[in-house]
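Geometric and topological summary
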Amino acid sequence: MISFEPTEDQRLIQETVGELAKTTLAPRAREFEAAREVADDVQQVIGEMGLALAAVPEAHGGQELGLLTAVLINEGLSRGDSATPFGLHGFGPYVWAAQELASSDQLTDLLTPLAAGKPGGAVAWSEVKARKDRAAFVTTASKSGDGYTLSGSKCFVGGVAAADRFIVFADVEGEATDAPWSGSGAFVVKRDAPGLKLGKRHETLGLACADFGRLELDGVDVNEADRLRGGDDFVAATLRFFARYSLTVAARQVGLCKSSFDITRDYCDIREAFGKPIGHFQAVAFTLADRHMDAESAGELCRRAAWAWDARKPFETCLAYTAQAVAHAHEAAMRCGDDAVQLHGGAGFMRDVIVEKMMRDAKQTALVGMTAEQMDQVAALVACRAKLTPELVLPTPDAQAILT
Amino acid sequence: MLEFELSAGQQQLREGIRSIGKSVIRPMSLGWDKNKEIPEDFLRNFYSMSKSLQGAENPMADYNEGPKEKSNKPRSTNRTAAVGAEELAWADASIMLSLPGPGLGGPPVRASGTPEQKERFFSIFRDMSDQLRWGAYGLTEPGAGSDVKAIRTTCRKDGDDYILNGRKCYITNGGRAAWVVIFATVDASQGRAGQRAFVVEQGTPGFFVGKIEDKLGLRANETAELVLEDCRVPAANLLGGEEKYQSKEGFMTAMKTFDNTRPLVAAMACGIGKAAYEYARDFVKDNYMLGRPIPRYAALAERLARISRRLEAARILVWKAVWMADHGKPNAKEASMAKALAGQAAISACIDAIEICGAHGTLSEDHALLEKWFRDIKVYDIFEGTGQIQRIVISKRLMTNLRGF
Ligand SMILES: Cc1cc2nc3c(=O)[nH]c(=O)nc-3n(C[C@H](O)[C@H](O)[C@H](O)COP(=O)(O)OP(=O)(O)OC[C@H]3O[C@@H](n4cnc5c(N)ncnc54)[C@H](O)[C@@H]3O)c2cc1C
Ligand SMILES: Cc1cc2nc3c(=O)[nH]c(=O)nc-3n(C[C@H](O)[C@H](O)[C@H](O)COP(=O)(O)OP(=O)(O)OC[C@H]3O[C@@H](n4cnc5c(N)ncnc54)[C@H](O)[C@@H]3O)c2cc1C
């Protein structure tokens, strides 16, 4: 049956999150931006609500409410402040990577600190340098005794400063074949492991309350037990991780679309020029109508994709729906942010009004996880029943040669 | 619960239409387009076939006539109609619009007719085994399309009758309709309050069919001009009866209709867009460029995926609008959003599909369907309110006291 009605539980969560977004996140968005972090009291409140682990099975300390609920939570929080979710403990890719890549035992271990209110971990995928000889991570895991030794430089790692451990992707010695990205592996590295160093924090366009930084691995030893194998198909597990995490990011774009639309609509309703509210000029009203369509359609596409995962639809279906939702949401958010600034006129350019921040956040969010272009590539491969080869479906980790 | 799945019945309907569409309709589609008609024999066969598809029910009958008895339980009528309309338009847009039944004339009669009128005007569609019948909707005039309140067709009370004078144009199935809902005005200076809706029956003295249009697309579907010259219509055919028109109800009748029909028109647009998308997808899947499978070219893959996701975005708004209609929620804004997005998404799907298939898309015999869809789709951003008019409807519901442009 086609239905657009959330369950009673979902509605309650939406209401609670909505209230928090309105009374706390929205008024404090600039404060978090200036402080370059989300305030502790807010971290704590949201941590106590258990929102980060909403979709995690109860056995691992979560609430087992499904991806759809997680999507509604992300949308709701972002409606208050589009940057906050990126600065919140447990809202990064870590939880999603852990769920797809770890065995059940490993997962308990990985998520316990988060469930106890600690900051949790981070994911180190992106590489500082590109590899020239073949498609693979530059960071290496060489065999040593029963374990591995990791060496390399990672960048763009979200939540790096507070993380207590890292899921590090690397090229495993001796496991590569001719196939691109063959021999890739993921390892859990504790923060206090000898040889692990945090690099400097990146200066970013938006999402200022979230930290992104470098991670240096200089001969870090890990055990076989620290390797995350992702079941029998590592690439498929990695793709599931990126898809599901990217969907929660897309939900944040939806929140951004809706709040920037609301603010702009209200402004166009009262701001007068040539003797009437500017919203009464057709060019302005039609722009608003278009952005409203963007926001609503992106929102429902995200919900449908999450529903498909929760309903255990075939993998290809989930992937296609997710790809469509994510690509559409990223583009919609950019248009919403852009037009929000445009319709505020000169005021939109000023820091007094929040929309300039939304526009910056929208652009940066569009580069988190999988981009619209990557998602379109995935969707096209699924549509053409072509093989989902890793070089076509996974974000390229090795394109950061421009960083020095 | 948030859910995005068709019911088993809807799925069956979709598959049924798709299989008939593929094996029976598609092969005839280009011929109909060329001859500018769908033979009545075919429509008769299709009509009985579609009856068997849903047991004794015409899938559209419930939609056209409304529920037989009132109940508070939400019905899935509008959702089912949207699913069926999309799929049939996927097969061929003209046949979708040429299906026997009240067509666009149904919703105003359903929304505003008295019980006696509903019985009288709908009963003729119950059994069409002897003869196919159509209804139509006559609002547009040479001087009034988007600007509905500018209609100039007049009506004047004369004894127990009304005398209608004027001209209607671009009326779908207007020439063969058993009756047409005609909008007229008692006094143009009163604007909307002066408007009346009549059911004018074929054969009424003074009611003529004028020009049958030659069109860019939807060529197999009839679009007619209708002429009313001192046309005498019994007062009993005034929709809803005299007292209904103390207010602006007449105009509201015209508009209420759109809340139900716009999502369906949007669903059809999605169907045509989907046809073009699937064509391009299969072309891409089966062909190579420079020795590489086409989906490996990111720019083409992106183009293909973009078509598909825009159609999905439109479809999800269609579904939301019909879901709201099924639950009796006011959906004027959502209906317009669905229509505006679907029209655009489907038009660009058809354009991009041609581009993706390259020169083949415009030249080759095989690709003639692609060319036809490209011609068919344009009007979906025009009739039932142009894209611009949809945005006016939407923005009126976004701004305070916006009175139009
Ligand atoms: C705020 C933020 C947080 C992040 N958090 C983390 C993190 O926690 N851990 C981590 O490891 N990384 C993180 N990243 C990095 C992120 O995963 C990458 O930025 C993202 O995957 C895009 O990769 P890239 O920047 O290397 O761009 P590239 O892959 O170099 O892409 C450049 C451009 O090419 C396009 N493109 C790429 N592939 C294709 C294709 N197949 N077809 C068509 N176009 C294509 C892209 O869309 C983009 O426009 C983060 C990034 C940001 C901005
Ligand atoms: C194949 C076909 C079938 C049809 N079937 C029917 C039918 O069955 N019954 C019926 O009654 N009608 C029917 N129509 C008519 C259709 O509804 C009208 O063509 C449509 O409403 C547009 O009206 P118009 O052609 O007079 O264009 P106009 O109203 O003259 O519009 C011309 C252009 O101006 C734009 N415009 C108008 N007003 C504004 C504004 N305020 N702001 C911005 N832009 C504006 C329009 O969007 C359009 O782009 C049909 C038309 C076609 C082509």
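Residues numbered from 1 in each chain as written. Chains lettered and ligands numbered in written order. Predicted model: local features only at pLDDT ≥ 70, side-chain atom pairs only at ≥ 80, totals over all residues. Heavy atoms only, no water.

**Describing the site of ligand 2**
Stated formally: The rule for a residue being near a molecule or strand is that one of its heavy atoms must lie within 4 Å of it. Whenever two N or O atoms come within 3.5 Å, that pair is a polar contact, provided that in protein one can donate a hydrogen and the other can accept it, and provided that, for residues adjacent in sequence, both atoms are side-chain atoms. Only the protein chains shown count as cover for residues, and all accessible areas are computed by the Shrake-Rupley method using a 1.4 Å probe. Boundary definitions for the domains trace back to an automatic or database domain assignment.
Ligand 2 sits among 22 residues. The nearest are Gln282(A), Tyr137(B), Ser146(B), Thr386(B) and Gln388(B). Of the chains in the model, those with residues near ligand 2 are chains A and B. A distance of 2.6 Å separates an oxygen atom of ligand 2 from a polar atom in the side chain of Ser146(B). Here an oxygen atom of ligand 2 and a side-chain polar atom of Gln388(B) are 2.7 Å apart. Contact with the protein chains covers 70% of the free accessible surface of ligand 2, which is 980 Å². For the shell around ligand 2, the two domains that each supply at least three residues are domain 2 (132–247) and domain 3 (251–398) of chain B.

**As for the domain arrangement of chain B**
Residue and element names in this part refer to chain B. Just so we agree on the cut-off: Contacts between residues were defined by any pair of non-hydrogen atoms, one from each residue, lying within 4.5 Å. Put simply, buried area is the surface a 1.4 Å probe can reach on two separate parts but cannot reach once they are joined, added for both. The salt bridge definition used is simple: a Lys or Arg side-chain nitrogen within 4 Å of an Asp or Glu carboxyl oxygen. Note on residue categories: nonpolar means Ala, Val, Leu, Ile, Met, Phe, Trp, Tyr, Cys or Pro, charged means Asp, Glu, Lys or Arg, and polar means any other residue, Gly included.
Each domain of chain B was delimited in the assignment, giving domain 1 (8–108), domain 2 (132–247) and domain 3 (251–398). A straight line from the C-alpha centre of domain 2 to that of domain 3 covers 30 Å. At the interface, 12 residues of domain 2 touch 13 residues of domain 3. Between domain 2 and domain 3 lies a buried interface of about 1,100 Å² when both sides are counted; carbon and sulfur atoms form 70% of it. Scanning the region where domain 2 abuts domain 3 turns up 0 salt bridges. In this structure, the connection of domain 2 to domain 3 is made through 2 residue pairs in polar contact (both at pLDDT 80 or more). Classifying every residue of the side of domain 2 that touches domain 3 by side-chain character gives 6 nonpolar, 3 polar and 3 charged.

**Considering the interface of chain A and chain B**
For an interface, size is often stated in terms of accessible area lost upon the parts coming together. Put simply, the test is: Numbering of helices and strands starts at the N terminus; helices are DSSP runs of H or I of at least 4 residues and strands are runs of E of at least 2. Strands are labelled as partners when DSSP assigns at least two bridges between them.
Across the contact, 48 residues belong to chain A and 46 residues belong to chain B. Summed over both partners, the interface of chain A with chain B comes to about 4,700 Å²; 64% of that surface belongs to carbon and sulfur atoms. The largest per-residue losses of area from chain A upon contact with chain B belong to Met1(A), Ile2(A) and Phe4(A), which jointly make up 17% of the total buried on that side. Connecting chain A to chain B are 9 salt bridges. Asp290(A) is paired through a salt bridge with Arg391(B); the nearest N and O atoms lie 2.8 Å apart. At the junction of chain A and chain B, the tally comes to 18 residue pairs in polar contact (both at pLDDT 80 or more). Secondary-structure elements contributing two or more residues to the side of chain A that touches chain B are strand S1 (2–4), helix H3 (66–80), helix H7 (234–270), helix H8 (282–310), helix H9 (315–344), helix H11 (372–383) and helix H12 (390–393) of chain A. Looking at which element gives the most residues to the side of chain A that touches chain B, the answer is H8(A), with 15 residues. By the bridge criterion, 3 bridges tie S1(A) to strand S1 (residues 2–4) of chain B in an arrangement that is antiparallel. Each residue of the ladder has a partner; that of Phe4(A), found in S1(B), is Leu2(B).

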